[in-house]
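Summary of the model geometry
Given next are the chains, with one letter for each unit.
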Amino acid sequence: MDPNTIADTLRQEIEARLLPPDSVLRQESLADRFRVSRQPVRQALDRLLAEGLVVRRSDRSLAVAGLSAEEGRELAALRILVEGEALRLSLPRLAPRDLRRAARLAEDLAEEEDPAAIEELDIAFHAALYGACGNARLLCLIDSLRREGRRAYTLQPPGSAFRAAMAMQHDGILAACRDGDAAAAVAALAAHLRAAADPQPGDTR
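Residues numbered from 1 in each chain as written. Predicted model: local features only at pLDDT ≥ 70, side-chain atom pairs only at ≥ 80, totals over all residues. Heavy atoms only, no water.

**Quick look at the overall build of the chain**
A count of helical and extended segments in the chain gives nine helices and three strands. Beginning at the N terminus, the succession of helices and strands in the chain can be written as α-β-α-α-β-β-α-α-α-α-α-α. Taking the principal axes of its C-alpha atoms as reference, the chain extends roughly 55 × 40 × 30 Å. Within the chain, contacts between residues at least 6 apart in sequence are counted, and of these 72% link residues at least 24 apart. For the chain, the distance from the average site of its 28 positive side-chain charges to the average site of its 32 negative ones is 4 Å. (Helix = DSSP H or I, 4+ residues; strand = E, 2+ residues; numbered from the N terminus. Contact = heavy atoms within 4.5 Å. Lys, Arg positive; Asp, Glu negative; His and termini not counted. Charge placed at Lys NZ, Arg CZ, Asp CG, Glu CD.)

Take a look at the structure:
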């Protein structure tokens, strides 16, 4: 088994919370599990380290990354700043086709059930709104912060209160963008990112 396959498998398990935060990832155990030498396991873990899904602890062991409540609030505050700026810069340059694409993605996202597809659609929705900002470094920073704050999409199935709220918030952001109201769009985005930072697992109300 190659490093990419091992990394993909571990990534999926981390994002589905099958490997919860602070789970220790031992090269020996993973090598036995995947029936490979330690080298491809080490390469796979290096990729997860670079993505922010795994962290190196003070004793040099590797563990699944996790955010404390305070760290989550700090990350959300940073995302509000940078993503709000990206949306503000992008909004005057958005073409009708960009808004139509974002609307289609929002519809597909509300109906999707596969966690990997949900994440892909969510990323694409926001990218459709930020993509015209004209600042590649800002977009790279947004991608980095998003990876650091990844949440378990498996914990928000269709029909859950969380998913319904996310869909309504996406619609609110889109409505403000269609109106060309930058202040309202940025405010709606900020409220969305604050809510997204604190999903309630298993909430199916």
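Additional details are given in the paragraphs that follow.
**A closer look at a positive patch on the surface**
There is a patch of like positive charges on the surface, built from Arg97, Arg100, Arg101 and Arg104. Relative to the helices and strands, arginine 97 is located in helix α5 (residues 96-111). (Patch = residues over 30% accessible without salt bridge, like charges linked within 9 Å, V, L, I, M, F, W, Y side chains within 5 Å. Areas by Shrake-Rupley, 256 points an atom, 1.4 Å probe, with all protein chains shown as cover. Salt bridge = Lys/Arg side-chain N within 4 Å of Asp/Glu carboxyl O.)

**Digging into unusual backbone geometry**
Its identity as a non-glycine residue notwithstanding, aspartate 22 has a phi of 80°, on the positive side. Residue position: aspartate 22 is located in the loop between α1 (3-15) and β1 (24-25). In the Ramachandran plot, arginine 60 falls in the positive-phi region, its phi being about 80° despite a non-glycine side chain.

**Section: helix α9 (residues 182-196)**
Two residues of an α-helix separated by three or four positions point the same way, owing to the 3.6 residues in each turn. Compared with the 21 Å implied by 1.5 Å per residue over 15 residues, the 21 Å span of α9 between its first and last C-alpha is a close match. Tucked into the core, α9 has its buried residues touching α4 (69-90), α6 (115-130) and α8 (161-179). N-cap assignment for α9: the residue whose side-chain oxygen lies 3.3 Å from the backbone N of alanine 183 is aspartate 181. (Expected span 1.5 Å × (residues − 1). Polar contact = N/O pair within 3.5 Å; in protein donor to acceptor, adjacent residues only side chain to side chain.)

**Side note on the UniProt feature "domain: HTH gntR-type" (unreviewed entry) in the chain**
Those residues carrying the UniProt feature "domain: HTH gntR-type" (unreviewed entry) are residues 1-67 in this numbering. Taken end to end, residues 1-67 comprises 52% helix and 12% strand; its first and last C-alpha atoms sit 31 Å apart. (UniProt positions renumbered as here; feature names shortened; annotations may be inferred.)

**Concerning the nonpolar core**
Counting 30 residues, the largest nonpolar core has Leu87, Phe125, Leu129, Tyr130, Leu174 and Cys177 as the members making the most contacts within it. Within the residue set of this core, elements represented by two or more residues are α4, α5, α6, α7 (136-148), α8 and α9. For leucine 87, the residues in contact, after removing those within four places along its chain, are Leu129, Tyr130, Ile173, Cys177, Ala185, Val186 and Leu189. Residues Ile14, Leu25, Leu30 and Leu62 belong to the second largest nonpolar core, which totals 18 residues. (Core = buried A, V, L, I, M, F, W, Y, C linked by side-chain atoms within 4.5 Å. Buried < 20%, exposed > 50% of the residue type's maximum accessible area, 1.4 Å probe, protein only.)

**As for the packing of α8 against α9**
In the contact formed by α8 and α9, the axes pass within 8 Å of each other and the chain directions differ by 165°. Here α9 runs roughly antiparallel to α8, going by the angle between their axes. In this structure, the crossing between α8 and α9 has a hand that is left-handed. Residues Phe162, Met166, Gln169, His170, Gly172, Ile173, Ala176 and Cys177 of α8 form the contact with α9, whose own contacting residues are Ala184, Ala185, Ala188, Leu189, His192, Ala195 and Ala196. Along the lines of polarity and charge, the residues of the contact of α8 with α9 split into 11 nonpolar, four polar and no charged. (Axes fitted to C-alpha atoms, helices over the stretch in contact; angles between N-to-C directions. Parallel < 35°, antiparallel > 145°, perpendicular 65-115°, else oblique. Left-handed = near helix turned anticlockwise from the far one by under 90°. Nonpolar A, V, L, I, M, F, W, Y, C, P; charged D, E, K, R; others polar.)

**As for α5**
Taking 1.5 Å per residue, 16 residues should reach 22 Å; α5 reaches 23 Å between its end C-alpha atoms and fits that length. Along α5, the positions that sit buried rather than exposed are Leu99, Ala102, Ala103, Leu105, Ala106 and Leu109. In an axial view of α5, the angular spread of the buried residues amounts to 165°, which keeps them on one side of the axis. Exposed residues lying more than 90 degrees from the buried face of α5 are Pro96, Arg97, Glu107 and Glu111. Those residues of α5 that are buried lie in contact with α6 and α8. (Arc of directions from axis to C-beta.)

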